[in-house]
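Descriptive analysis of the structure
Take a look at the letters that make up each chain.
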Amino acid sequence: MKKYLIGWACLILSAAIPAANASRLPASFSESDLFKQLSALAGPQDAILVAAPDGRTLAAIHADRPLVPASILKLLTTLAALEKLGPDYRFKTDFYLDPRDNLKIKGYGDPLLISETLKVIAGQLAPLFPVVHDLVMDDSFFAQPIRISGRGNSTQPYDAPNGALCVNFNTVAFKNVNGQWVSDEPQTPLLASVIPKIAASGITRGRITLAADRFEALQYAGELLRFFLKQAGVQVTGGVINSRIDPTADALVWSYRSDATLDLVVSKLLEFSNNFIANQIFLVMGAEILKPPATVDKGLQVLRGYYRDSLGIKTGRIVEASGLSRENRITARAMLRILEHYEPYHGLMRREGRQYYKTGHLKGVRTRAGFLSGNHGGLYRFVVMCNTPGKSTDAIMRAIERHLN
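Reference entry: report on the structure contained in this document. It should be emphasised that the depicted structure is a prediction, and the values quoted were computed from it without experimental measurement. (Residues numbered from 1 in each chain as written. Predicted model: local features only at pLDDT ≥ 70, side-chain atom pairs only at ≥ 80, totals over all residues. Heavy atoms only, no water.)

Thoughts on the nonpolar core
In this structure, Leu-75, Leu-76, Leu-262, Ile-281, Ile-338, Tyr-342 and Val-383 are the most contacted members of the largest nonpolar core, which totals 70 residues. When residues of this core are traced back to their parent elements, those giving at least two are strand S1 (46–51), helix H3 (74–84), helix H7 (262–272), helix H8 (275–290), helix H9 (296–310), helix H10 (332–342), strand S15 (365–373) and strand S16 (379–386). Aside from chain neighbours lying at most four places away, what touches Ile-338 is Leu-75, Leu-76, Leu-79, Tyr-307, Leu-311, Ile-313 and Ile-330. Of all hydrophobic cores here, the second largest spans 35 residues; its members include Leu-103, Phe-174, Tyr-220 and Val-234. (Core = buried A, V, L, I, M, F, W, Y, C linked by side-chain atoms within 4.5 Å. Buried < 20%, exposed > 50% of the residue type's maximum accessible area, 1.4 Å probe, protein only. Helix = DSSP H or I, 4+ residues; strand = E, 2+ residues; numbered from the N terminus. Contact = heavy atoms within 4.5 Å.)

Written out as structure tokens, the structure is:
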């Protein structure tokens, strides 16, 4: 899980670009030359749109053709969340003690309940009580079942199911050493209950999702929390069960608030293109705006409403939040509109040289969208959507960068 934690220091957004510099283009720039070169590179099911810092269109090819966006759709999802929930929003998890000394945990969709976080939580809970009986897992903040369009039933991490109370992205990392299964993360124990599924995966090292359904996810979360509670000195005399809190009888003993604000969660989501995090944010956003429990329909209602009403986009089709589904359709012009509103948050995107960008990959689909820092100031915006099988965004991006040098 270390790769998900690297770089959690606050990101500094770029300073505003003076308006005087915003419209300056390279002296050798030719819009017609750029258009000709990009036209030669684009396939029949591709779209390209490039805009200057002042908003002027520099090149447009099939800009109004609805195409499969793949993971650049995450820019819409995270923009809506940043605007609707706020960059400082923090996910929570509540802990209750009932009259029978059962510790009850109610999840609210925190996507970053990872081993390191559980260890910290256990350390905070340990002084409150030396002994608990059962660990009672409450995931009722999400209505079940949660069915995300495009998500399959494989054990691949990108197919990890979502829930209100999940740990380690509903995945486990492992390896085989001298015929023995061991954890591939020093901070995470390899629980005996997961070994049969690891053995059945057919791989000797990697990461798979263990949660085929909500009960498997809750069991794994409870067992992992029990490990860290015992490590912190809390005696757990019972097992892990699934139930709900009783607000009339259970006492709230602690409410955990994530150390990571939403903008930092978004930066890691964009860096690793994590589908699980994208859908957690999407579901929580729907519940926060339209009241619990979280459902896919509520998430879509908020996301589509933001797309249509706040951004003013009337084209396209949005069926989920991560870009997994091939039923999503969006135009390059609509994506450029999203980028216009994303500019204050562009520092959260992955950076490579002059580019701040997000990519998307599905079989036969390659997409890329983001910003390009101009040598004379300002941020150019670009959208490249290749839906022609075999086409890549690489040559197109090289041409764009070369012309905007």
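That covers the picture; the talk isn't over yet.
A few points about the sheet that holds strand S12 (residues 251–257)
Strand order in this open sheet of five strands is S11-S6-S4-S3-S12, and the pairing throughout is mixed. Edge positions in the sheet fall to strand S11 (240–242) and S12, since each of these pairs with one other strand and no more. Here the strands of the sheet are splayed against their neighbours by 25° on average, with no regard to which way each runs. Across four bridges, the pairing between strand S4 (residues 103–107) and strand S6 (residues 135–138) is parallel. Within S6, the residue paired with Leu-103 across the bridge is Leu-135. Across the face of the sheet, helix H4 (residues 115–125) comes into contact with strand S3 (92–97), S4 and S12 while running at roughly 145° to S12. Helix H6 (residues 214–231) contacts S3, S4, S6 and S11 of the sheet and is inclined by roughly 145° relative to S11. (Pairing = 2+ DSSP bridges. Axes fitted to C-alpha atoms, helices over the stretch in contact; angles between N-to-C directions.)

Remarks on the pattern of salt bridges
The tally for this structure, following the rule as stated, stands at 14 salt bridges. Note that Asp-184 and Lys-175 form a salt bridge whose closest N and O atoms lie 3.6 Å from each other. Accessibility expressed as a relative area gives 26% for Asp-184, which makes it partly exposed. Among the ionic contacts, a cluster of salt bridges with common partners joins Lys-175, Asp-184 and Arg-205. (Salt bridge = Lys/Arg side-chain N within 4 Å of Asp/Glu carboxyl O.)

Let's talk about the pairing of S6
Because side chains alternate across S6, one face comprises the buried residues Leu-135 and Met-137, and the other comprises Val-136 and Asp-138, equally buried. Strand direction decides the pairing type here: S6 and S11, joined by three bridges, are parallel. Bridge pairing in S11 links Val-136 to Ile-241.

Let's talk about the environment of Pro-99
In this fold, Pro-99 is placed in the loop between S3 and S4. Among the residues examined, Pro-99 registers a relative accessible area of 59% and is labelled exposed. In sequence terms Pro-99 and Asp-309 are 210 residues apart; their C-alpha atoms lie 48 Å from each other. Once residues lying within four places of it in the same chain are set aside, the contact partners of Pro-99 are Ala-249 and Asp-250.

Brief notes about the packing of H4 against H6
The contact between H4 and H6 brings their axes to 8 Å, and the two run at 50°. Considering their axes alone, H4 and H6 lie oblique with respect to each other. Relative to H6, the crossing made by H4 is right-handed. Residue-level contacts link Ser-115, Leu-118, Lys-119, Ala-122 and Leu-125 of H4 to Leu-224, Leu-225, Phe-228, Leu-229 and Gln-231 of H6. Looking at the contact of H4 with H6 residue by residue, the classes come out as seven nonpolar, two polar and one charged. (Parallel < 35°, antiparallel > 145°, perpendicular 65-115°, else oblique. Left-handed = near helix turned anticlockwise from the far one by under 90°. Nonpolar A, V, L, I, M, F, W, Y, C, P; charged D, E, K, R; others polar.)

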